[in-house]
Amino acid sequence: MASFLGSLSFASPLLLAALAALPAIWLILRATPPRPRRTPFPAFDLLRELEDKQRTPARTPLLLLLLRLLIAALAIVALAGPILNAPNTAAGDARPILVVVDDSWTAAANWRLRRNALSAIAAEARAGGRAVATMTTTPTEADAASLISLMDPGAFQDAAAALEPKALPPDYAGAAARAKRATPPAGGYDIRWLSDGLDHPNADDLQTALANLGDVTRLVDDDAQTLFIKGQRADSAEDVFLIGRARAGDRLEGEVVVSARNGRELARGEFSFDPGAQETEARVRLPLALRNDIGAARIEGVASAGAVRLADGRARRALVGFLGDAGDAGDLLAGGSYIRAAMAQYADFFAGGAAALTESDASLIILDDVGRLRDEDAERLGAWVERGGVLLRFAGVNVAEAAQDNDLPLAPAPLRGGGRAFGGALSWETPQPLAAFSEKGPFADLTVPPDVFVRQQVLAAPGGVTTERTWASLSDSTPLVTGARRGAGAIVFFHVTASPEWSDLPFSGVFVEMLRRVAFLSAAMPEERDATDAEDTQQFQPVSLLDGFGALGPAPGDAPGVTLAEAAAGPNLNAPPGLYGAAEAPIAINAASAHVTLRPAARLGGQTSPYATAPPQQLAAPLFLLALILFATDALAALIYAGRAPRLSAARAATSATVIMAGAVLASGGDAFAQSPTGAPAAPFDSPISSTAIDAAIATRLAFVATNDSELDRLSFYGLSALSEELYRRTAVEPEAPQQVDLERDELSVYPVIYWPIAAGMTAPSDEALANVELFMRFGGLVIFDTRDDERALPGALTPERAALRDILRRLDVPPLRPLPQNHVLTRSFYLLSDLKGRAGDGPIWVAEGAGDNDGVTPIIVGGRDWAGAWARDEMNAPMRRMPSAASGRGCAIRPGVPPRECAYRAGVNIAMVALTGNYKSDQVHTPTLLERLGAQ
Amino acid sequence: MSASAPYDIADLRRAAAVASDGFDALLLDAERLARTVAAGAHGRRRPGPGETFWQHRPYAFGDPAATIDWRQSARGAGRLFVRQTEWEAAATAWIWSDPSASMEYASDDRFETKRRRADTLAVALTMLLARGGERIGLCGGVGGGQERPFHGRGAAERFLEAIAARGDTDTTIPTPQHVAPGAAATLIGDFYTDPAEVERAVESFAAEGAYGCIVHVADPAEIEFPFAGRTEFQDLESPARLTFGDAAAVAADYRAAFAAHRARLGELCDSLGWTFVAHATDEPATTALLSVYVALSDGARAA
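Residues numbered from 1 in each chain as written. Chains lettered and ligands numbered in written order. Predicted model: local features only at pLDDT ≥ 70, side-chain atom pairs only at ≥ 80, totals over all residues.

> Tell me about the nonpolar core, residues and numbers included.
With 69 residues, the main nonpolar core has B:Trp94, B:Ile95, B:Leu121, B:Leu125, B:Phe159, B:Val215 and B:Val292 as its most contacted residues. For this core, the element with the most residues is helix α3 (residues 114–131) of chain B, which contributes 10 residues. Listed in part, the 65 residues of the second largest apolar core include A:Leu323, A:Ile339, A:Ala347 and A:Leu505. (Core = buried A, V, L, I, M, F, W, Y, C linked by C-beta atoms within 7 Å. Buried ≥ 20, exposed ≤ 12 C-beta atoms within 10 Å, placed from the backbone. Helix = DSSP H or I, 4+ residues; strand = E, 2+ residues; numbered from the N terminus.)

Listed below in structure tokens is the structure:
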């Protein structure tokens, strides 16, 4: 209480004399009664007869009286201008003040205290007309060279406002040297040392040097914990952060926030200091995929460069990108899962398109059985390899197919065409064992396992280049692995699948070793850079630098670069903490390191004093506000007393009170809010989903590709509408109205079937559109290409529609096709059909060959039957296109007599059922029925 | 709007619309109210001229042949029956609704004003009675009771017009007037005036041979007297004011006075064989209407 009163003073104490007038106010208030409540009353005559029991006016109630007196007293006190923690201006000292500021990161966490102290000193200097000089203990080169100079208080205030903590450790030796050069004025300085309270090297020197200049008062902050991150180590599953503190105090708990390089928060790890302990750990468990994304870790709530740990790019794991699909971890048929299992120890995986992969940080891109590449993608990947990436390709049916018709780009050796050459046409009777690793390749030191046999492979064209580039070969000296350096990177081709389908290699331990060698072929890999010796003089320019508060900012243009050796030496003036080198794989210099040990500077002695805890505070405003609130309360109470607010319920009264209080808090607490730290950047949001996609996701809808022929679009729409109706009528599928899709922009994954009518001379779809379609097909979609030209088609001739289709398919990565076989699931999925009839002709229908990615369900149907034309009905339910007579052509069903249009609907229903149920019907469930019907005929 | 002032047509129309709006609603209220009470003309429970079948009587000499119910007669063996209808005689009902300013009061938005409740009751009663074929007269109308009573289908509307035309007066009791013997009188109001005057007025009706009932309409605040603290009461009919230091202190006395007021009215009715209905505006109007209707029916039967 005494200390509180001691720090309270008044700007104009004379006004307090007005408090003596309070008794007079009491008397005046007492004499004026509150106004009566007025109400009309019809039964007035009855009242007239009543005896008037209380005609005399009531006195003001005591409670109201006291409230009003309190309001008056508050107003008087507020007018007197009370100030809390007013600066002590009563000093006759005229010596100039020398302010020594510890501005290393150790002082950053409680920088507010320094600010308060600086403004207090400025106020004191202005009041006493004293000159001020400043000196920091983490001097820049320019500072260290200059002499200590005196300023007037105004200039000092500006200089003090510009003082910010630095991300560097303190340089007491430099500061002491500077102090020694200074000459003290007569009578010496009045020295205020705004210290961080810690014992740093050469503290004694500085103390002595300052003592020679005048009387030193060291301000210390005894409560400061000064938390910092000493280091980081990565376990197999966890990242462990070492946390240190300067004072071995009580138990202390906190959290380490791990954020990505874009500032997004990834995870939090808790830490807890035992009483007396100065070190502890925080463990953060992150999914493997996110560990490479770590940009920085910081102790939450501590604004100091020491509480930030920047992640060094060299610690990152290899990032492996899959073109297309990375495969599920548990899917033992997918090659991706074997690759992932082999590389999981040192790599993180992700999947994407060629553009995304090449722009990412991936050091290795895997093409698992990817056949045709669009020219643009091939160029992109090629350029990326030239820059230092490693492209790893595995063979498979698609590659075999693609190798058949053209010179496969991005292959180390020319492949021998002929997808059908393998299997039956292979030149061996028994599977061939792995025979040798080439001396020239990276596998030279591996031992050849005896138990690896290869059953199928894609052959390379024999010749000089192939022999030269073979890294591993079979016993018949055909290559198993070929590889070639391209620019800074390399292309490696495994002539077998990554799954055990073609060989035993994926089961073998040597597979793991081979992939490891391949992964670290990359020039961008950390291993190689680590190997650079200390004499390397390559300079890494700073990308972003830490400030004292631990915030990363862009590096100034003139910031010096560092060599690896300098970076390893730790932070100093020429190598300030921050990120250096390439933004993708930066070299980090951290403010604090494992060598840093902080302890309180208790041994220094000298005169110390604590920091002022609070800045001077004007109390008039809150007092006036309180008086105002009480005044409002008084008005409310008077109303209630007068019976004016009989229906003002307790709830409403509480609401009004809350509103008033909230207003008061907002009015007074503005600076309390302003002190909240600036948060991390907001997490990026996903782009909004279009409403059509939402519609299609909610209800099943068939889709058709928009052409630039409105008549064709109309026909497609009505065709699919009629098919939807038939599906609704006949099956459990209840589709909504069909949707027209734009391949360039629309999300396709929400549709089960996309009907793509090919028009002659249509504009070719862009690469993005084709990538969109590829993705759609790869993840279970079904595309129906309909050239609608069977009527006009002549054997061997190319109709314009087919030419357009060929142009599309040439650029699209489609699985190998074959004519629709008898008993294909498409003919059995709902109706038992012999053919998928449309409106036109009997031309062949092509579907994907063999068991592809989607459980053997074909992702593509190519034909010229004009299905939509056969299905289409207009608003009046009348067919829009004529059908050929039933007599022409074969029927569609096992039994004859089904009308042609009905055949077309049955074909459509079957296609839709395949798209929706996959190979559900491809088992033999219909065999008994089939036999029975055949028997009945 | 005085006649000397130039007519502002728009103002007039607006005022008319506002006024008729209120009346429409009141009519509707009254109609809804009237429908809850069994409709129809009350018969005299004796044969006579009327519409409804009353009884079959064996043919007696002198009955006009046209009265013979041939169908009924054909059922019996050799006897002729005459069809008789119930005598439905129209009586005149006089209704008085208190036009004084003290009726213009509602203590809460939830309640209607007493005037509105009284008028609703009056109009609803008019509807009911008109439907029963009675003739209805308004006591203290513009013509001072000289105009002829209304009857027929439009009686309710015309009665309402008459009430509206009456305007604000400060008559707190019905003026005595000549009524036919056997007529029914219904007086609706709050009767805050000299009890002797009330007695005189009611007795003048009774002296003419009328039976009837008194409906005392009161606001809940008048009954409960929920006031407390320093309160100034204003009279609605005069500029007089009364201030009480603590209204709660006189509440008990007031309630006693109010009860006495009602009791006085009740005794008056008892002594004349009339019916007294105490009604508060927070109660549904139906109860009061039913009481009045039953009282009038019983009175008519007794007469």
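Right, picking up where we left off after that structure.
> Explain the environment of B:Arg71 to me, using residue names and the numbers behind them.
Within the secondary structure layout, B:Arg71 lies in helix α2 (residues 70–75). For the pair B:Arg71 and B:Phe81, spaced 10 residues apart in sequence, the C-alpha to C-alpha distance is 9.0 Å.

> Tell me about the sheet that holds strand β6 (residues 189–194) of chain A, and name the residues and values.
All names here are of chain A. Reading across from one edge, β5-β4-β6-β7-β28 is the order of the 5 strands in this open sheet, with parallel pairing throughout. In this open sheet, the two edge strands, each paired with only one partner strand, are β5 (132–136) and β28 (607–610). The mean angle between the axes of side-by-side strands here comes to 25 degrees, regardless of whether they run parallel or antiparallel. Looking at chain direction, β6 and strand β7 (residues 214–220) are connected through 6 bridges and run parallel. Bridging from a neighbouring strand, Ile191 pairs with Val216 of β7. Sheet strands in contact with helix α5 (residues 111–128) are β4 (97–101), β5, β6 and β7, and its direction is about 170 degrees off that of β4. (Pairing = 2+ DSSP bridges. Axes fitted to C-alpha atoms, helices over the stretch in contact; angles between N-to-C directions. Contact = placed C-beta atoms within 7 Å.)

> Break down the interface of chain B and chain A for me, with residues and values.
Across the boundary between the two partners, chain B contributes 28 residues, which contact 22 residues of chain A. Only β8 (231–235), β9 (241–244) and α7 (247–272) of chain B provide two or more residues apiece to the side of chain B that touches chain A. Among the elements that make up the side of chain B that touches chain A, the one with the highest residue count is α7(B) (7 residues). Here the residues of the side of chain B that touches chain A sort into 13 nonpolar, 7 polar and 8 charged. (Nonpolar A, V, L, I, M, F, W, Y, C, P; charged D, E, K, R; others polar.)

> Let's hear about helix α7 (residues 153–162) of chain A: which residues, and what values?
Residues and elements named next belong to chain A. Looking at α7, one finds that the buried residues are Pro153, Phe156 and Ala160. Down the axis of α7, the buried set is contained in an arc of 50 degrees. They therefore lie on one face. Of the exposed residues in α7, those oriented more than 90 degrees away from the buried face are Gly154, Asp158, Ala161 and Ala162. Its buried side turned inward, α7 meets α5 and β5. (Arc of directions from axis to C-beta.)

> Residue-level account of helix α4 (residues 155–166) of chain B, with values.
All names here are of chain B. If you check α4, its first and last C-alpha atoms are 16 Å apart, about what 12 residues at 1.5 Å a residue would give, namely 16 Å. All of the buried residues in α4 are Ala155, Ala156, Phe159, Leu160 and Ile163. All buried residues of α4 fall inside an arc of 130 degrees around its axis, so they share one side. (Expected span 1.5 Å × (residues − 1).)

> Can you explain unusual backbone geometry? Please cite residues and give values.
Backbone geometry places A:Asn202, a non-glycine residue, at a positive phi of 70 degrees. If you trace the backbone, A:Asn202 turns up in the loop between β6 and α9 (203–211). Judged by local crowding, A:Asn202 falls into the partly exposed class, with 17 C-beta atoms found within 10 Å. Even without being a glycine, B:Phe191 presents a positive backbone phi close to 55 degrees.

> Could you give an account of the sheet that holds strand β31 (residues 739–741) of chain A, naming the residues involved and the relevant values?
Residues and elements named next belong to chain A. Strand order in the open sheet formed by 7 strands is β31-β30-β32-β33-β36-β35-β34, with mixed pairing between adjacent strands. In the strand order of this sheet, the two ends are held by β31 and β34 (817–819), each with one partner. Going from strand to strand, the sheet's axes swing by 25 degrees on average, the running direction of each strand aside. The sheet contact formed by strand β30 (residues 703–705) and β31 spans 3 bridges and is parallel. Note on β31: the bridge partner recorded for Phe704 is Gln740.

> Give a description of the pairing of strand β17 (residues 364–368) of chain A that names residues and reports values.
Residues and elements named next belong to chain A. Burial runs high along β17: 5 of the 5 residues are buried. Going residue by residue along β17, you find Leu364, Ile366 and Asp368 tucked away on one face and Ile365 and Leu367 tucked away on the opposite face as well. With 3 bridges joining them, strand β15 (residues 318–323) and β17 adopt parallel strand pairing. Bridge pairing links Phe322 to Ile366 in β17. Here 5 bridges tie β17 to strand β18 (residues 390–394), and the two strands are oriented parallel to one another. Looking at β18, one finds that Leu364 is bridged to Val390. In this region the chain leaves β17, passes through helix α13 (residues 375–387) and returns to the parallel neighbour β18; the handedness of that crossover is right-handed. (Right-handed = clockwise from strand over helix to strand, strands pointing away.)

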